[in-house]
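Coordinate inspection notes
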Amino acid sequence: MRITIFDSNEELDARAAALIASTVVERPAAVLGLATGSTPVGIYKALIRQASQTKLSFAGVTTYNLDEYVGLPPEHDQSYAYYMKQQLFDHIDIPLEQTHLPNGMATDLAAECVRYDRMLASQPIDLQLLGVGHNGHIGFNEPAEALVGGTHVTDLEPATIAANARFFEREELVPRQAITMGVASILKARQILLVARGADKAQIVKQALTGPISTACPASLLQTHAHVTVMLDKEAGKELMSDDSALHLVYS
Ligand code: GLP
């Protein structure tokens, strides 16, 4: 695991975007696993900029998003489908039919999960971008006694609903359920890029990267993956910097 702690968020964004871009340069038909939330916003902006400067084409790229709220249509401004169009897809040359998110409006949610898993099985992810929740969730895989491997419907934790309430007018409007890729699907990605920013993530980042590997902190399972790149701003990395464990920390 290579962990880089950045002095500035701009630099973090540029480096994370450069890693995504280089994946596409190396493999124009790359399969990218994408994430939502506030963490990737700057990365997508930097990626759009780099793509336009270098004339990088996403025409052959396929994307799979980690998750989607149950009950929000793609036109809803808080759906992840809407977010992805706004933040990235509308600004690069990727054909929309090559972009995939779970359909949170499916009448048969179980069948939708099977459909999503079949697609993922046929197109293994080259690079999966990940944020982390304050409770250690990845995608919407909440801490639990046992985690689900494949795509599934999950009940959101009160803490996750509260954390995401900032994007909605009122907390009651935050969906209570989501469809998420499971941890096994996430860990199948060839490479994982985990990004976290802000002092409020410092404790969970330390726990995930140096604590016990436990379903109580789903992000800790990333310790079992052979090719994880972690990019943190100095606030999110501050607990690691004071740690004398044998982590390979790079300061940038
Ligand atoms: C959300 C998403 C995750 C995201 C995480 C952190 O609920 N489902 O994919 O990584 O929580 O969000 P943020 O980046 O806004 O802190």
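Residues numbered from 1 in each chain as written. Predicted model: local features only at pLDDT ≥ 70, side-chain atom pairs only at ≥ 80, totals over all residues. Heavy atoms only, no water.

**With respect to the overall build of the protein**
The cut-off we apply is this: Strands are runs of DSSP state E lasting at least 2 residues, helices are runs of H or I lasting at least 4, and numbering of each runs from the N terminus. Atoms counted for the radius of gyration: C-alpha only. Globule rule: 2.2 Å times the number of residues to the power 0.38. Only protein chains enter the accessibility calculation, which uses a 1.4 Å probe; a residue whose area is less than 20% of its type maximum is buried, one above 50% is exposed, and one in between is partly exposed. In what follows, a contact means two residues having at least one pair of non-hydrogen atoms within 4.5 Å. Note on areas: these come from Shrake-Rupley sampling with a 1.4 Å probe, and a residue is covered only by the protein chains present in the view. Neither His nor the chain termini are counted; the positive set is Lys and Arg, and the negative set is Asp and Glu. Charge positions are represented by NZ for Lys, CZ for Arg, CG for Asp and CD for Glu.
Scanning the protein from terminus to terminus reveals eight helices and 11 strands. Taking 18 Å as the expected radius of gyration for a compact globule of 252 residues, we find that the protein reaches 17 Å, a close match to that expectation. The principal-axis extents of the C-alpha atoms in the protein amount to approximately 50 × 45 × 35 Å. Within the protein, buried positions represent 54% of all 252 residues. Taking contacts inside the protein between residues at least 6 apart in sequence as the whole, the part at least 24 apart equals 78%. By element, 54% of the accessible surface of the protein is carried by carbon and sulfur atoms, the whole surface being about 11000 Å². Computed over 19 positive and 29 negative side-chain charges, the inter-centroid distance for the protein is 5 Å.

**As for the packing of aromatic side chains**
Put simply, the rule is: Aromatic rings from Phe, Tyr and Trp, taking only the six-membered ring of Trp, are treated as a pair when their centres fall within 6.5 Å; an angle between ring planes under 30 degrees marks them as stacked, one over 60 as edge-to-face, and anything in between as tilted.
Across all of its chains, the model carries six aromatic pairs by this definition. Seen in terms of ring centroids, Tyr 64 and Tyr 116 are 5.7 Å apart; in terms of plane orientation they differ by 80°. Their pairing is edge-to-face. Taken together, the positions of Tyr 64 in strand E3 (residues 62–65) and Tyr 116 in helix H4 (residues 109–122) put the pair 52 residues apart, joining distant regions of the chain. Each member of the pair, Tyr 64 together with Tyr 116, is buried. Arranged with centres 5.8 Å apart and planes meeting at 80°, the rings of Tyr 69 and Phe 168 form a pair that is edge-to-face. Within this pair, whereas Tyr 69 is found in strand E4 (residues 67–69), its partner Phe 168 is found in the loop between helix H5 (158–164) and strand E8 (177–180), the two being separated by 99 residues in sequence.

**Side note on the sheet that holds E3**
What counts, and what does not: In this analysis, strands are considered paired if DSSP registers two or more bridges between them.
The strand order E5-E3-E2-E6-E9-E10-E1-E11 describes an open sheet built from eight strands, whose pairing is parallel. This sheet does not close on itself; its edge strands, each paired only once, are strand E5 (99–100) and strand E11 (249–251). Sheet analysis places strand E1 (residues 2–6) next to E11, joined by three bridges and oriented parallel. In the strand pairing of E11, Ile 5 is matched with Tyr 251.

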